[in-house]
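Listed below are the residues making up each chain.
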Amino acid sequence: MKVGVPKEIKAHEYRVGLTPGAVREYVAAGHRVMIEANAGAGIGATDDDYRAAGATILDSAGEVFASSEMIVKVKEPQPSEWSQLRESQILFTYLHLAPDPEQAKGLLKSGCTAIAYETVTDAHGGLPLLAPMSEVAGRLAIEAAGSALKRSAGGRGLLIGGVPGVQPARIVVIGGGVVGTHAARMAVGLGAEVTIIDRSIPRLRELDELFEGRVRTRFSTIESLEEEVFAADVVIGAVLVPGASAPKLVRRSMLSSMRKRAVIVDVAIDQGGCFETSHPTTHADPTYEVDGIIHYCVANMPGAVPLTSSQALNNATLPFGLALANKGFSAVLDNPHLRAGLNVHRGRLTYKAVAESLGLPFSPIEQAAA
């Protein structure tokens, strides 16, 4: 198969769909890989590195889209990209369609087959292609919070871990999944006072054992959420409903009861955010203030550490990408985990949660593939 990798064009996105090491695997399996010139610059990979791995370097994204049967990216396609997709072409990338109706319409119009990293599953019921970026984003969330807490950045002027004789920051993590766990791990390591809120009692038990009592766990109710959010210096939004828009758990009316200049980090912003006052920001302008509360809502947080992120992502995506390259759309029909990743096919939405979030018709894969 002809596999193409365009350079990412979203603001301050430095990751790349395939590393040179991943290209070698595709080439060894008999596939032709075409890389847009300078696509790997953000991770320090030169065009010569890709040539040495067996790739062909093309001058423009247009050439990559036109000559490829499968496009491998990192972030969701931008308007200039989805307009170049075509029927029978496979797109393999993060999509996050639920809060993005324009992208959904663009993909539907193109007729392409779009497989979303974030909804591909594994035998354990996990989301193996979302997990590595969730790990990165969870850890970065605490770094971002630490920066936003500084008085020079508009924050409360707190050091996350405090110092002897001075209280550390109080950090509340909403959601005990991969993002929440890694955020809590970083926060605990820095010496913060950490609480994790979740609706799963079994998961709260697991977290209590994992952290050996170093974090507080609370079952999520309206009352417990308010109590913790109002007393927090930092609130990390780490809620995930696979494929669907994130629920709005913290309303604007709650901000007035929070500590002034407290910080919100909404890691769920890719799925619309779990704070009513959240809207996507960029690494160039990451924060804004609403009712005295600092909001950090960067939609591509792992893009700040592209070398780590690209390597971690490629480790996870490689077996699935090779399966698609080897068998084409048949891989989706044969593999239930890739099937779960199918969001768009031949002008139809094939992921129910996405269709419901967008208010558009849902087509089961059997119907869409007929």
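Check the entry above for the structure.
Residues numbered from 1 in each chain as written. Predicted model: local features only at pLDDT ≥ 70, side-chain atom pairs only at ≥ 80, totals over all residues. Heavy atoms only, no water.

Undergrad: Give a description of the overall build of the protein that names residues and reports values.
TA: Helix and strand counts for the protein stand at 15 helices and 15 strands. Scaling as 2.2 N^0.38, a compact globule of 370 residues should have a C-alpha radius of gyration of about 21 Å, and the protein matches this with 21 Å. With the principal axes as the frame, the protein shows a C-alpha extent of 60 × 45 × 35 Å. A buried classification covers 55% of the 370 residues belonging to the protein. Of all intrachain contacts in the protein linking residues separated by at least 6 positions in sequence, the fraction that spans at least 24 positions is 62%. When the accessible surface of the protein is summed, it comes to about 15,100 Å², and 51% of that surface belongs to carbon and sulfur atoms. Taken together, the 35 basic and 39 acidic charged side chains of the protein have centroids lying 2 Å from each other. (Helix = DSSP H or I, 4+ residues; strand = E, 2+ residues; numbered from the N terminus. Rg over C-alpha atoms; globule rule 2.2 N^0.38 Å. Buried < 20%, exposed > 50% of the residue type's maximum accessible area, 1.4 Å probe, protein only. Contact = heavy atoms within 4.5 Å. Areas by Shrake-Rupley, 256 points an atom, 1.4 Å probe, with all protein chains shown as cover. Lys, Arg positive; Asp, Glu negative; His and termini not counted. Charge placed at Lys NZ, Arg CZ, Asp CG, Glu CD.)

Undergrad: Tell me about the pattern of salt bridges, and please be specific about residues and values.
TA: One pass over the full model with this rule turns up 20 salt bridges. The residue K73 makes a salt bridge to E8 at a minimum N-O spacing of 2.9 Å. With K73 in the loop between β4 (70-72) and α4 (79-82) and E8 in the loop between β1 (2-5) and α1 (20-28), this residue pair connects regions lying 65 residues apart in the sequence. Take K73 and E8: they sit in the same class, and that class is buried. Residue R252 is joined to D291 by a salt bridge in which the shortest nitrogen-to-oxygen separation is 2.9 Å. Taken together, the positions of R252 in helix α10 (residues 252-255) and D291 in the loop between β12 (287-290) and β13 (293-296) put the pair 39 residues apart, joining distant regions of the chain. The class for R252 is partly exposed, based on a relative accessible area of 45%. It is possible to trace a salt-bridge network through shared partners that takes in R170, E193, R216, R218, E227 and E228. (Salt bridge = Lys/Arg side-chain N within 4 Å of Asp/Glu carboxyl O.)

Undergrad: Report on the sheet that holds strand β9 (residues 216-219), specifying residues and quantitative values.
TA: To summarise the sheet geometry, strands pair through backbone hydrogen bonds and adopt either a parallel or an antiparallel arrangement. Taken in spatial order, the seven strands line up as β9-β8-β7-β10-β11-β13-β12 in an open sheet, and their pairing is mixed. The two strands at the open ends of the sheet, each matched to only one other strand, are β9 and β12. Strand after strand, the sheet turns through a mean of 20 degrees between neighbouring axes, direction not considered. Alignment of strand β7 (residues 170-174) against strand β10 (residues 234-237), held across four bridges, turns out to be parallel. Note that in β10 the partner of I171 across the bridge is V234. Of the strands in this sheet, β7, β10, β11 (263-266) and β13 touch helix α6 (residues 131-149), which is tilted by about 150 degrees from β11. (Pairing = 2+ DSSP bridges. Axes fitted to C-alpha atoms, helices over the stretch in contact; angles between N-to-C directions.)

Remember, this is a structural readout, not a statement about activity or role.
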